[in-house]
Amino acid sequence: MAEKVKFDLVSPERLLASVEATEVQIPGVEGDMTAMADHAPLITTLRPGIVRVIGGDGAGEYIVTGGFAEINATGVSILAERAVPRADITQEDYDTMIKTANAAIKKAEETFVNEPGPVDDAVKLLADMVALGDEIGLSASFSA
């Protein structure tokens, strides 16, 4: 039997999950990763994507828009900017995420004139949001 890890997912609004799992798939900024028992200690930034919890009573999927994951030998803790169970996400929720990403681009363009780094980061955020929508079957609306 596979060893279990303690998994906690917290958003600013609430604790979404606190369960035992055999693995947790995480959308890291540097690439997707899977955390299991005895994982080397690691802290990573999240990109918009799906956190998948596998095994145990806590199996499920959660949409995250960013945040941090802390992984150690016995557990995984995710502090998400925003997190929603995948089954609960609506087109309206997704449209709000896209609108927020578009606003971040506009703000970066106004604030960081002739500094492409922050603008590129904001554009990447929007691209990740669009890819997330494609993965979960929702369409991005780009109207103002």
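Residues numbered from 1 in each chain as written. Predicted model: local features only at pLDDT ≥ 70, side-chain atom pairs only at ≥ 80, totals over all residues. Heavy atoms only, no water.

1. Quick word on the overall build of the chain
So, step 1. What the chain contains, in helices and strands, is 2 helices and 10 strands.
So, step 2. Relative to the compact-globule value of 15 Å for 144 residues, the chain shows a C-alpha radius of gyration of 16 Å, a close match.
So, step 3. Taking the principal axes of its C-alpha atoms as reference, the chain extends roughly 55 × 30 × 25 Å.
So, step 4. Within the chain, contacts between residues at least 6 apart in sequence are counted, and of these 52% link residues at least 24 apart.
So, step 5. Only carbon and sulfur atoms are counted for the fraction: they give 53% of the accessible area of the chain, which is about 7900 Å².
So, step 6. Between the averaged position of the 11 positive side-chain charges in the chain and that of its 24 negative side-chain charges there is a distance of 4 Å. (Helix = DSSP H or I, 4+ residues; strand = E, 2+ residues; numbered from the N terminus. Rg over C-alpha atoms; globule rule 2.2 N^0.38 Å. Contact = heavy atoms within 4.5 Å. Areas by Shrake-Rupley, 256 points an atom, 1.4 Å probe, with all protein chains shown as cover. Lys, Arg positive; Asp, Glu negative; His and termini not counted. Charge placed at Lys NZ, Arg CZ, Asp CG, Glu CD.)

2. Looking at the confidence of the model for the chain
So, step 1. The predicted model of the chain averages 91 in pLDDT, with 97% of residues at 70 or higher.
So, step 2. The least confident element of the chain is helix α2 (residues 116–136), whose mean pLDDT is 91; the most confident is strand β8 (residues 67–71), at 97. (pLDDT = per-residue confidence, 0-100.)

3. Comments concerning a nonpolar patch on the surface
So, step 1. A cluster of nonpolar side chains, namely Ile43, Phe68 and Leu79, defines an oily patch on the protein surface of about 340 Å² accessible area.
So, step 2. With respect to the helices and strands, the residue Phe68 is situated in strand β8. (Patch = residues over 30% accessible without salt bridge, like charges linked within 9 Å, V, L, I, M, F, W, Y side chains within 5 Å. Salt bridge = Lys/Arg side-chain N within 4 Å of Asp/Glu carboxyl O.)

4. With respect to the pairing of strand β7 (residues 60–64)
So, step 1. Where strand β6 (residues 49–54) meets β7, 5 bridges bridge the pair, whose relative direction is antiparallel. Bridge pairing in β7 links Arg52 to Glu61.
So, step 2. The antiparallel pairing of β6 with β7 creates a hairpin that spans 5 residues between the two strands, and Gly55 there sits at a positive phi of about 85 degrees. (Pairing = 2+ DSSP bridges.)

5. So, the nonpolar core
So, step 1. In this structure, Phe7, Leu9, Ile26 and Ile78 are the most contacted members of the largest nonpolar core, which totals 21 residues.
So, step 2. Elements represented by at least two residues in this core include exactly β1 (5–10), β2 (15–21), β3 (23–28), β4 (31–36), β6, β7, β8 and β9 (75–80). (Core = buried A, V, L, I, M, F, W, Y, C linked by side-chain atoms within 4.5 Å. Buried < 20%, exposed > 50% of the residue type's maximum accessible area, 1.4 Å probe, protein only.)

6. Examining helix α1 (residues 91–111)
So, step 1. Taking 1.5 Å per residue as the helical rise, α1 with its 21 residues ought to reach 30 Å, and the 30 Å between its terminal C-alpha atoms agrees with that figure.
So, step 2. Within the sequence span of α1, burial applies to Asp93, Tyr94, Met97, Ile98, Ala101, Ile105 and Ala108. Taken end-on, α1 shows its buried residues confined to a sector of 140 degrees, consistent with a single buried face. The exposed set on the far side of α1, more than 90 degrees from its buried face, consists of Glu92, Lys99, Thr100, Lys106, Lys107 and Glu110. (Expected span 1.5 Å × (residues − 1). Arc of directions from axis to C-beta.)

7. Brief notes about the packing of α1 against α2
So, step 1. α2 packs onto α1 with a crossing angle of 165 degrees between their chain directions and a minimal axis gap of 8 Å. When the axes of α1 and α2 are compared, the pair comes out roughly antiparallel. For the element pair α1 and α2, the recorded crossing hand is left-handed. On the side of α1, the interface is formed by Tyr94, Met97, Ile98, Ala101, Asn102, Ala104, Ile105, Ala108 and Glu109, while α2 contributes Pro118, Val119, Ala122, Val123, Leu125, Leu126, Met129, Val130 and Gly133.
So, step 2. A class-by-class count of the residues in the contact of α1 with α2 yields 15 nonpolar, 2 polar and 1 charged. (Axes fitted to C-alpha atoms, helices over the stretch in contact; angles between N-to-C directions. Parallel < 35°, antiparallel > 145°, perpendicular 65-115°, else oblique. Left-handed = near helix turned anticlockwise from the far one by under 90°. Nonpolar A, V, L, I, M, F, W, Y, C, P; charged D, E, K, R; others polar.)

8. Some remarks on the environment of Phe7
So, step 1. Take Phe7: it is sitting in strand β1.
So, step 2. The spatial distance from the C-alpha of Phe7 to the C-alpha of Gly75 is 5.8 Å, given a sequence separation of 68 residues.
So, step 3. Leave out the neighbours within four places in its chain, and Phe7 touches Ala17, Ser18, Val19, Val24, Val51, Val53, Tyr62, Val76 and Ile78.

9. Examining α2
So, step 1. The terminal C-alpha atoms of α2 lie 30 Å apart, and with 21 residues this matches the ideal 30 Å at 1.5 Å per residue to within 8%.
So, step 2. As for α2, its buried residues are in contact with β6, β7 and α1.
So, step 3. The first or second residue beyond α2 is Gly137, which carries a positive phi of 85 degrees.

10. Examining the pairing of β6
So, step 1. Bridge count between β3 and β6: 3 bridges; the pairing is antiparallel. Across the sheet, the residue bridging to Val24 is Val53, located in β6.

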